Protein chains: 6
Amino acid sequence: MPVVITHCPRVGRDVAESFMAYGVATVHEAQGRGGLMAPFMRPIYPGARIAGAAVTVSVAPADNWMIHVAVEQCRKGDVLVVAPTSFSDAGYFGELLACSLAARGVRGLVIDAGVRDVRDLVAMGFPVWSSAVSAQGTVKETLGSVNVPVVCAGASIDPGDVVVADEDGVCVVRRAEADRVLQLCREREAKEAKVRERLQAGELGLDLYGMRDKLKARGLVYRDATSKD
Amino acid sequence: MPVVITHCPRVGRDVAESFMAYGVATVHEAQGRGGLMAPFMRPIYPGARIAGAAVTVSVAPADNWMIHVAVEQCRKGDVLVVAPTSFSDAGYFGELLACSLAARGVRGLVIDAGVRDVRDLVAMGFPVWSSAVSAQGTVKETLGSVNVPVVCAGASIDPGDVVVADEDGVCVVRRAEADRVLQLCREREAKEAKVRERLQAGELGLDLYGMRDKLKARGLVYRDATSKD
Amino acid sequence: MPVVITHCPRVGRDVAESFMAYGVATVHEAQGRGGLMAPFMRPIYPGARIAGAAVTVSVAPADNWMIHVAVEQCRKGDVLVVAPTSFSDAGYFGELLACSLAARGVRGLVIDAGVRDVRDLVAMGFPVWSSAVSAQGTVKETLGSVNVPVVCAGASIDPGDVVVADEDGVCVVRRAEADRVLQLCREREAKEAKVRERLQAGELGLDLYGMRDKLKARGLVYRDATSKD
Amino acid sequence: MPVVITHCPRVGRDVAESFMAYGVATVHEAQGRGGLMAPFMRPIYPGARIAGAAVTVSVAPADNWMIHVAVEQCRKGDVLVVAPTSFSDAGYFGELLACSLAARGVRGLVIDAGVRDVRDLVAMGFPVWSSAVSAQGTVKETLGSVNVPVVCAGASIDPGDVVVADEDGVCVVRRAEADRVLQLCREREAKEAKVRERLQAGELGLDLYGMRDKLKARGLVYRDATSKD
Amino acid sequence: MPVVITHCPRVGRDVAESFMAYGVATVHEAQGRGGLMAPFMRPIYPGARIAGAAVTVSVAPADNWMIHVAVEQCRKGDVLVVAPTSFSDAGYFGELLACSLAARGVRGLVIDAGVRDVRDLVAMGFPVWSSAVSAQGTVKETLGSVNVPVVCAGASIDPGDVVVADEDGVCVVRRAEADRVLQLCREREAKEAKVRERLQAGELGLDLYGMRDKLKARGLVYRDATSKD
Amino acid sequence: MPVVITHCPRVGRDVAESFMAYGVATVHEAQGRGGLMAPFMRPIYPGARIAGAAVTVSVAPADNWMIHVAVEQCRKGDVLVVAPTSFSDAGYFGELLACSLAARGVRGLVIDAGVRDVRDLVAMGFPVWSSAVSAQGTVKETLGSVNVPVVCAGASIDPGDVVVADEDGVCVVRRAEADRVLQLCREREAKEAKVRERLQAGELGLDLYGMRDKLKARGLVYRDATSKD
């Protein structure tokens, strides 16, 4: 059962990196509100933003052996995605593993567990989204798998899928959907640029989105506080 | 039942803004330890601090329609306070709504739910206190109310009340109490300034607050570790 | 029962301060993965790092009286460690107490409860690791003890033990173990420096740590994705 | 500021007790989905169900003094509602207080904090809804108030309001609304009885509620799995 | 995008029901420790145990419309599995829906959200595993999908897969794996029966599993407390 | 470092069992509110109550190897206390281990982690207090220790100490303190029996405990609601 899948097909690097232009909220909306990991996945420092192809790792709780195995499967532009088979907030990942990944051009780490050496990771500029920060060490005793489909923080992800992460969280785009979603992001962004301009000029969303009639039809009532006080 | 109250009386803007000089802890103490929201309300960036008059919004879970409705009711110096009728950590609020509020001079947002586009909100300098950060989108289907009394993060708040928020959390001051509480803040701060000086000079709180007798009366014992080792 | 132990023996200040050179993860590993507090203990600002001798305080829930008592027992280089007898996230500690501790040369605070005046603490550069941030005030009514053994955030700690804290969390080193653990930290760091260099040069942990044989023996299988697609 | 309001007007006992016939879900729906406490309020034993008039208590964290004060204000048919001013999961209430309340005909306790002596409370048949169970003792040092408006587990409640509680949680009905809400409960229940019968007979909600057209209009598509497999 | 897949192939009913003989722990172990939902999924009453074929539902947060749609797709022996697209602890499901499902022979409900009318569900003997209990109502406004792959409480599940649930939690067995896993359950149970007998007779696991040599080889030391006291 | 201490001195069995007569709340109070584990430690079935001498186990996260080792160290009347070195909610303990412990006369299990086979444990009448229930399996790879001092759910415990557990939680009594605490329990219970009788007869705690003067002195005010309505 424990297996390492090599030479996994990935989303094209240029496609993956094009997602850098869009925030996680935009990507999530563009694909019909799908693909989002749970909101407990937080970046270890403000301002971090990445997009890349997923190398997935299924690890035993409090055991980081397979992360060491996964490094070899990573290449430039990848994002490592680590999902333990049951919850542990131990620190599965630290500065030495980050050095190893950075040397291969990996963009960052997404892990539904803890990381450590945060000070060093910040100094290196190696971005991590995790569900915990903990100095607790892990063991290297139990096999897991690399590049198999996993569920990470509530989201299904296959190797080679796009991972986009910023301060709002982490979103997965299926490899086969990447081009289409990218196009939808572009369109959404273009539309929002126009809306933004009008809102900044003081126009109301109520008017701009034409909400007043629907609100009235549903029964929303306006009452003047001063007429009864 | 869903209603928008317009022309709500508010605390005077100069009074509200005078609270900017005091931290949330001071304001909370000054009013007898009342008015504090739960500690899970956190600012999206360090150093944020606001004070203003509340425009309140009661929204359905994962539905941000009424926030769009509320924008129109906001004016310069207000703080938007959003309370869902049941918990959801979805992202009810993002950069476009912030543009709209900023255009009207709104000071910031307090929401017992999630927000998104955090990177953009930080770039805009639009402060938010929320119970979650999440890219998850919401719908616009269910009516709620604007400028009705709500409970937000465990605190009762009426429209027009003062909202004070900083890195320690969020505190509500009743409109009718604002002047009195402001005066008590001033007095507390003046008193603390003197205490601070003495403590910085090395004087002990034990002496300064005259605690030694009470401690002794209650039975506190001192024992020298070296006399028994 | 409530007692203040005075003149507690402490780890030597030079020994304690030598731990500043090592992260919490290293210290925790060096002592066989012991001494770590729970990962919910977080610093109030990024980059904070301290090491010092523990002055311990056992306080009643939502009552900070004994912290005032403990100040007098602190000296240059100490770290105050506060453990409530049952959970409360109230703000037991703020800027005035910090002034008092700073005046005595105390390095920082570790508290399994809330703190307040975060903005001021940051401005002062007084580091705190806490399980909550809250403006909620506390009372001064119930006695507790100073410099007795306590359990803080799941870790046993005696007065005079070493406390090391950074962005990864908080770790306790027993006073009697301090020299030995310090030596182990040095050795670990030296070893890691060499590993780091090789990993940065692109060498794989799999080879460097000699994992391939063990993985194979345990039954790890490699499968080429392209050979079956 | 600390005050005990005596002789509080209450909802009529017969009105309050009529709510016993309806579950919390029905009452909550009947009043437009209002009045519900947070779902972390759980009964200490299965099958408990009460309805009565609220005697409210605002207590300091980990301090149960005011509960002792409140007993005197309770009469037959009342429900004691306890809200600490900040969170503590200590055991504010145990068997002796329950004996005292039972002797006065009090129906049960609702407390956003911990209770203890659960075995005895179950044996007595004294129902409690709480946010925690804990043996931790509390002190009697700080004043609070009895029969003032409080926020308990996220719900606003005034003395004399109706409290309805069962295995689904706790719901508050405003005293002035009690008759109207009771009538709506009756109507809702009558309507549901008919629906229940038809559903039990195998009729589909889709047809019974006439949902098919709206679903189709919104764009719901049906696809046969066997036609493409 | 919102779609209802009809006539989904399912695991055979006799196969599914054969899992009733095995606990969730056994099933989970038999398939290499896979398929388990998160431990926050709890039964609403003790002793509940079910096994059946999954009908899956993806719903919007706090919106139960698609559960009404899903009822029609259920048949005798099925288990309804409901996964919201983002977290809400509202009560999506109550007694009327349970009547409708029971009328169709559905075995029970698994939902990563809240349920209500618990007293009635218990009285009916309709078992539910949920992440919350809450009287909070939901809306019927947003489309979702029925019988699409979902992630429920951290586990991937396809329509037609086996769902096994008991007091230990909920486990998913892939349809294609069902026969094989069932056989492994039988073997595991047979083996455990023999072990149980020997353990009950007082034999030690240390001997029975032959652990002593491995423990010694790893360096476990035995020390007699009395020889040094 | 991993060690098994054999022949640990224990509290006398008759002393330990005498604690069965007192609830956890009483024991905790009798020893000055000390020794309580965190309130997240819950029994797997209602009504469970045990008292016995602790055999302590320190285990690696998600690794139950040392529990197998500990069985041999248990004797009639003992309680097994398991503390992982970092958090995992996996199911470390199930029915086979319970058979083994029951065969040796062990009273029950206290574990700051998950257990499984709950249905079987209940059927056997083998009581467990745990911080989780989960079917998740664990490994047997990493050594730990038996009968060393541990921190379990926030409480310090040494081998041979008394463990008392009931529906209110779990309390530890130091071996050397057992006789004294037992005597205090007896006195407390006797005193409470008299108080109970008077409260049941309708006397008020306010009078019985003589609180009225202290309340008045502190400034508690009584106000009649009817005089101002």
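Residues numbered from 1 in each chain as written. Chains lettered and ligands numbered in written order. Predicted model: local features only at pLDDT ≥ 70, side-chain atom pairs only at ≥ 80, totals over all residues. Heavy atoms only, no water.

Digging into the overall build of chain A
A tally of helices and strands in chain A yields 8 helices and 13 strands. In terms of principal-axis extent, the alpha carbons of chain A reach across some 70 × 40 × 35 Å. Looking at chain A as a whole, 63% of its 229 residues are labelled buried. Considering only contacts within chain A whose residues lie at least 6 apart along the sequence, 76% involve residues at least 24 apart. Total accessible area on chain A stands at roughly 8200 Å², and carbon and sulfur atoms take up 50% of it. Charge centroids of chain A, computed over 27 positive and 28 negative side chains, lie 4 Å from each other. (Helix = DSSP H or I, 4+ residues; strand = E, 2+ residues; numbered from the N terminus. Buried < 20%, exposed > 50% of the residue type's maximum accessible area, 1.4 Å probe, protein only. Contact = heavy atoms within 4.5 Å. Areas by Shrake-Rupley, 256 points an atom, 1.4 Å probe, with all protein chains shown as cover. Lys, Arg positive; Asp, Glu negative; His and termini not counted. Charge placed at Lys NZ, Arg CZ, Asp CG, Glu CD.)

Description of the relation of the copies chain F and chain A
One copy of the chain maps onto the second through a rotation around an axis plus a translation along that axis. Superposition record for chain F on chain A: RMSD 0.0 Å, screw rotation 180°, translation along axis 0.0 Å. Such a turn and shift between the copies fits a two-fold axis. Judged by C-alpha distance, Ser88 of chain F is the residue of chain F that lies nearest the rotation axis, at 2.4 Å. Here 100% of the interface residues in chain F have copies in chain A that are interface residues too; the copies meet face to matching face. (Least-squares fit on C-alpha atoms with pLDDT ≥ 70 in both.)

Regarding helix H4 (residues 95–103) of chain C
Residue and element names in this part refer to chain C. Counting buried positions along H4 gives 7 out of 9 residues, so the element sits mostly inside the fold. Within H4 the residues assigned to the buried category are Glu95, Leu96, Leu97, Ala98, Cys99, Ser100 and Leu101. A positive backbone phi angle near 85° is found at Gly105, which sits one or two residues after H4.

Here we look at the pattern of salt bridges
A full pass over the atoms with the stated rule returns 103 salt bridges over all chains. Residues Arg212 of chain C and Glu72 of chain A are paired through a salt bridge, measuring 3.0 Å at the closest nitrogen-oxygen approach. Of this pair, Arg212 of chain C sits in helix H8 (residues 212–218) while Glu72 of chain A sits in the loop between helix H3 (65–71) and strand E4 (78–84), each in a different chain. We classify Arg212 of chain C as partly exposed; its relative accessible area is 31%. Here Glu141 of chain E makes a salt bridge to Arg218 of chain A, at a shortest N to O gap of 3.8 Å. In this pair, Glu141 of chain E sits in the loop between strand E7 (128–133) and strand E8 (145–146) while Arg218 of chain A sits in helix H8 (residues 212–218), so the two residues belong to two different chains. We classify Glu141 of chain E as buried; its relative accessible area is 14%. (Salt bridge = Lys/Arg side-chain N within 4 Å of Asp/Glu carboxyl O.)

Some thoughts on the interface of chain F and chain A
Each partner contributes residues to the interface: chain F has 12 residues there, and chain A has 12 residues. Ranking the residues of chain F by area buried against chain A places Phe87, Gln136 and Glu141 of chain F at the top, with a combined share of 41%. There are 0 residue pairs in polar contact (both at pLDDT 80 or more) connecting chain F and chain A. (Buried area = accessible area lost by both parts, 1.4 Å probe. Polar contact = N/O pair within 3.5 Å; in protein donor to acceptor, adjacent residues only side chain to side chain.)

A closer look at the relation of the copies chain A and chain C
Mapping chain A onto chain C is achieved by rotating through 120° and translating by 0.0 Å along the same axis, at an RMSD of 0.0 Å. Read as a symmetry element, the transformation amounts to a three-fold axis. When C-alpha positions in chain A are compared against the rotation axis, the closest is assigned to Pro46 of chain A, at 6.0 Å.

Observations concerning the side chain of Arg116 of chain B
Residue position: Arg116 of chain B is located in the loop between strand E6 (108–115) and helix H5 (118–124). In terms of polar contacts, Arg116 of chain B uses its side chain to reach the side chain of Glu29 of chain A, at 3.0 Å.

Comments concerning the interface of chain A and chain C
Taken residue by residue, the interface counts 38 residues in chain A and 38 residues in chain C. Here chain A meets chain C over a buried area of about 3300 Å², counting both sides, of which 57% is carbon and sulfur. Linking chain A with chain C are 5 salt bridges, by the criterion used here. With its nearest N and O atoms 4.0 Å apart, the salt bridge here joins Glu141 of chain A to Lys214 of chain C. Between chain A and chain C we count 15 residue pairs in polar contact (both at pLDDT 80 or more) in total. Put simply, the parts of the chain that give the side of chain A that touches chain C at least two residues each are strand E1 (3–6), H3, helix H4 (95–103) and helix H5 (118–124) of chain A.

Some thoughts on the confidence of the model for chain A
Per-residue pLDDT for chain A has a mean of 97; in total, 99% of the residues score no lower than 70. Under the prediction, the complex receives an ipTM of 0.95, its pTM being 0.97. (pLDDT = per-residue confidence, 0-100.)

Observations concerning helix H6 (residues 178–200) of chain B
Under the 1.5 Å per step criterion, the end-to-end length of H6 of chain B is 32 Å for 23 residues, consistent within 8% with the ideal 33 Å. Taken residue by residue, H6 of chain B has Ala178, Val181, Leu182, Cys185, Glu192, Val195, Arg196 and Leu199 of chain B as its buried positions. Residues of H6 of chain B that are buried make contact with helix H1 (13–18), helix H2 (24–30), strand E11 (162–166), strand E12 (169–173) and helix H7 (205–208) of chain B together with H4 of chain C. Gly202 of chain B sits one or two residues past H6 of chain B and shows a positive phi near 100°. (Expected span 1.5 Å × (residues − 1).)

So, the packing of H6 of chain B against H4 of chain C
Closest axis-to-axis distance for the H6 of chain B/H4 of chain C pair is 8 Å, and the angle between their directions is 20°. What the angle tells us is that H6 of chain B and H4 of chain C run roughly parallel. You can see that H6 of chain B and H4 of chain C cross each other, and the crossing is right-handed. Along its contact with H6 of chain B, which presents Glu192, Val195, Arg196, Leu199 and Gln200 of chain B, the element H4 of chain C presents Glu95, Leu96, Cys99, Ser100 and Ala103 of chain C. Of the residues that constitute the contact of H6 of chain B with H4 of chain C, the class distribution is 5 nonpolar, 2 polar and 3 charged. (Axes fitted to C-alpha atoms, helices over the stretch in contact; angles between N-to-C directions. Parallel < 35°, antiparallel > 145°, perpendicular 65-115°, else oblique. Left-handed = near helix turned anticlockwise from the far one by under 90°. Nonpolar A, V, L, I, M, F, W, Y, C, P; charged D, E, K, R; others polar.)

Topic: the arrangement of the chains
In this view chain A stays clear of chain D, with the nearest C-alpha atoms of the two still 14 Å from each other. Separating chain C from chain E is a minimum C-alpha gap of 14 Å, and the two share no contact.

Considering the environment of Ser227 of chain C
If you trace the backbone, Ser227 of chain C turns up in the segment after strand E13 (221–224). Judged by its relative accessible area of 60%, Ser227 of chain C is exposed.

Examining the packing of aromatic side chains
Within this structure, the stated rule accounts for 7 aromatic pairs over all chains. Centroid distance Phe93 of chain C to Phe126 of chain C: 5.9 Å. Interplanar angle 20°. Geometry classified as stacked. Remark: Phe126 of chain C occurs in the loop between helix H5 (118–124) and strand E7 (128–133) and Phe93 of chain C occurs in strand E5 (residues 91–93); sequence separation between them is 33 residues. The class of Phe126 of chain C is buried, set by a relative accessible area of 3%. Lying over the aromatic face of Trp65 of chain B, Lys214 of chain A brings its terminal NZ or CZ to 4.8 Å of the ring centre. (Phe/Tyr/Trp six-rings, centres within 6.5 Å; stacked < 30°, edge-to-face > 60°. Lys NZ or Arg CZ within 6 Å of the ring centre and 35° of its normal.)

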